[in-house]
Amino acid sequence: GAGVSQSPSNKVTEKGKDVELRCDPISGHTALYWYRQRLGQGLEFLIYFQGNSAPDKSGLPSDRFSAERTGESVSTLTIQRTQQEDSAVYLCASLEAPPDTQYFGPGTRLTVL
Amino acid sequence: AQSVTQPDIHITVSEGASLELRCNYSYGATPYLFWYVQSPGQGLQLLLKYFSGDTLVQGIKGFEAEFKRSQSSFNLRKPSVHWSDAAEYFCAVAARTGGYNKLIFGAGTRLAVHP
């Protein structure tokens, strides 16, 4: 079946602009995660959604970052007033539970000039 | 605090040689452990996972990993590497937080394969 999809695959923006990244999870997966991967580094947890429960936003690096998800559908990650340090690959994963396994999308490569 | 350490940043092997990528974790309870592979420009693909039971787990693409509780390790192995295995490999532990699991990743090991 279809995997996790993300759009756009690449985004180049100017410092100070807002960007919106989209994630379409695997159908039936109730949980969804966003991660950030800076160049040459591992993945950093950003935010977690589970159904209609309040999300865990503990990984968001600043109040410029926000994310939404309606029910068990699409999620959007918004970065306001982008900074150069926001340049990274943003990865989305949806969770198959059981057996508690995350499946990742291809990511969105964000470049802030 | 939970953490994952991958001591080797870069590894280079010859095609056909055996491979072992190291992973050490720090986690108080019984861990859920994962290995993911990331090819250039791609997302992460799950290679294998350990939840419980047999400590030697088999994954896709001929990879296997062994969970050793006494050493807090979950090393990834492959008996004969193919050129297409060149990629970055991430080890992760699922940390239980507020009723759900959050993946804690190592920094990754980049594998290069010489012909």
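None of the values given here were measured: they were computed from a predicted structure.

### With respect to the packing of aromatic side chains
All names here are of chain B.
Here is step 1: One pass over the full model with this rule turns up 16 aromatic pairs over all chains.
Here is step 2: With a centroid separation of 6.0 Å and an interplanar angle of 50 degrees, the aromatic rings of Tyr36 and Phe105 are classed as tilted. Pair noted here: Tyr36 is in strand β5 (residues 32–38) and Phe105 is in strand β11 (residues 100–105), with a separation of 69 residues, a long-range link. For the residue pair Tyr36 and Phe105, the accessibility class agrees, reading buried in each case.
Here is step 3: Arranged with centres 6.4 Å apart and planes meeting at 85 degrees, the rings of Phe90 and Phe105 form a pair that is edge-to-face. Of this pair, Phe90 sits in strand β10 (residues 87–97) while Phe105 sits in strand β11, placing them 15 residues apart in sequence.

### Here we look at the interface of chain A and chain B
Here is step 1: Counting residues at the interface gives 19 residues for chain A, matched by 20 residues for chain B.
Here is step 2: Taken together, the two surfaces of chain A and chain B that pack against each other cover about 1,500 Å², and 54% of this comes from carbon and sulfur.
Here is step 3: Of all residues in chain A, Leu43, Asp100 and Phe104 of chain A bury the most surface against chain B, accounting for 29% of the area lost on that side.
Here is step 4: Run the count over chain A and chain B and you get three residue pairs in polar contact (both at pLDDT 80 or more).
Here is step 5: Across the side of chain A that touches chain B, the residue classes tally to nine nonpolar, eight polar and two charged.

### Some thoughts on the pairing of strand β7 (residues 75–79) of chain A
The side chains of a regular strand alternate between the sheet's two faces.
Residues and elements named next belong to chain A.
Here is step 1: With five of five residues buried, β7 is to be regarded as a mostly interior element.
Here is step 2: In β7, alternate side chains face the same way, and those of Ser75, Leu77 and Ile79 on one face and Thr76 and Thr78 on the other are all buried.
Here is step 3: Where strand β3 (residues 19–24) lies against β7, five bridges are found, and the strand directions are antiparallel. Residue pairing for β7: Val19 is matched across the bridge by Ile79.
Here is step 4: Pairing of strand β6 (residues 65–69) with β7, which is carried by five bridges, proceeds in the antiparallel orientation. Within β7, the position partnered with Arg69 by the bridge is Ser75.
Here is step 5: Linking two consecutive strands that pair antiparallel, namely β6 and β7, is a turn of five residues; a positive phi of about 60 degrees is found at Gly71 within it.

### Topic: the nonpolar core
Here is step 1: Core analysis: the biggest nonpolar cluster contains 28 residues, and Leu19, Trp35, Leu47, Leu48, Phe74, Leu76 and Tyr89 of chain B have the highest contact counts within it.
Here is step 2: Counting residues per element, the ones that place at least two in this core are β2 (10–14), β3 (19–21), β5, β6 (44–50), β8 (64–68), β9 (73–78), β10 and β12 (109–114) of chain B.
Here is step 3: If sequence neighbours within four positions are ignored, Leu47 of chain B has contacts with Trp35, Tyr36, Val37, Gly59, Ile60, Lys61, Phe63, Leu76 and Tyr89 of chain B.
Here is step 4: In this structure, Tyr35 and Ala93 of chain A together with Phe34 and Leu46 of chain B belong to the second largest nonpolar core, which totals 22 residues.

### Some details on the state of the cysteines
When the sulfur atoms of two cysteines share a covalent bond, that bond is a disulfide.
Here is step 1: The full count for this structure, using the stated rule, is two disulfides over all chains.
Here is step 2: The disulfide bridge from Cys23 of chain A ends at Cys92 of chain A, spanning 1.8 Å between sulfur atoms. Negative torsions about the S-S bond denote left-handed disulfides, and the value of about -60 degrees found for Cys23 of chain A with Cys92 of chain A makes this one left-handed. On the criterion of sequence distance, the pair formed by Cys23 of chain A in strand β3 and Cys92 of chain A in strand β8 (residues 88–96) is long-range, its members being 69 residues apart. Accessibility assignment for this pair places Cys23 of chain A and Cys92 of chain A in one class, buried.
Here is step 3: Residue Cys23 of chain B pairs covalently with Cys91 of chain B via a disulfide, S to S 1.9 Å.

### Digging into the environment of Asp100 of chain A
Here is step 1: Residue placement: Asp100 of chain A occurs in the loop between β8 and β9 (101–104).
Here is step 2: Here Asp100 of chain A falls in the buried class, since its relative accessible area comes to 15%.
Here is step 3: Each C-alpha atom, one on Asp100 of chain A and one on Ala54 of chain A, is 19 Å from the other, the two residues being 46 residues apart in sequence.
Here is step 4: Excluding its chain neighbours within four sequence positions, the residues that come into contact with Asp100 of chain A are Leu95 of chain A together with Tyr32, Phe34, Phe51, Arg96 and Asn101 of chain B.

### Focus: the layout of surface pockets
Here is step 1: If you add up the space inside the largest pocket, you get close to 440 Å³.
Here is step 2: Considering the residues around the largest pocket, the lining is formed by 23 residues, among which Gln37, Val89 and Arg109 of chain A together with Gln38 and Gly41 of chain B are closest to the centre.
Here is step 3: For the lining of the largest pocket, the secondary structure elements donating two or more residues are β8 and β10 (108–112) of chain A.
Here is step 4: Here the lining of the largest pocket takes four residues from β10 of chain A, the largest share from any one element.
Here is step 5: Residue composition of the lining of the largest pocket, by class: six nonpolar, 13 polar and four charged.

Procedures and definitions
- Residues numbered from 1 in each chain as written.
- Chains lettered and ligands numbered in written order.
- Predicted model: local features only at pLDDT ≥ 70, side-chain atom pairs only at ≥ 80, totals over all residues.
- Heavy atoms only, no water.
- Phe/Tyr/Trp six-rings, centres within 6.5 Å; stacked < 30°, edge-to-face > 60°.
- Helix = DSSP H or I, 4+ residues; strand = E, 2+ residues; numbered from the N terminus.
- Buried < 20%, exposed > 50% of the residue type's maximum accessible area, 1.4 Å probe, protein only.
- Contact = heavy atoms within 4.5 Å.
- Buried area = accessible area lost by both parts, 1.4 Å probe.
- Polar contact = N/O pair within 3.5 Å; in protein donor to acceptor, adjacent residues only side chain to side chain.
- Nonpolar A, V, L, I, M, F, W, Y, C, P; charged D, E, K, R; others polar.
- Pairing = 2+ DSSP bridges.
- Core = buried A, V, L, I, M, F, W, Y, C linked by side-chain atoms within 4.5 Å.
- Disulfide = S-S within 2.5 Å.
- 1 Å grid on protein atoms, 1.4 Å probe; cavity = no way out; pocket = protein on both sides within 12 Å on 5 of 7 lines; lining within 4 Å.
- Points joined across faces, edges and corners; volume = space filled by probe spheres on them.

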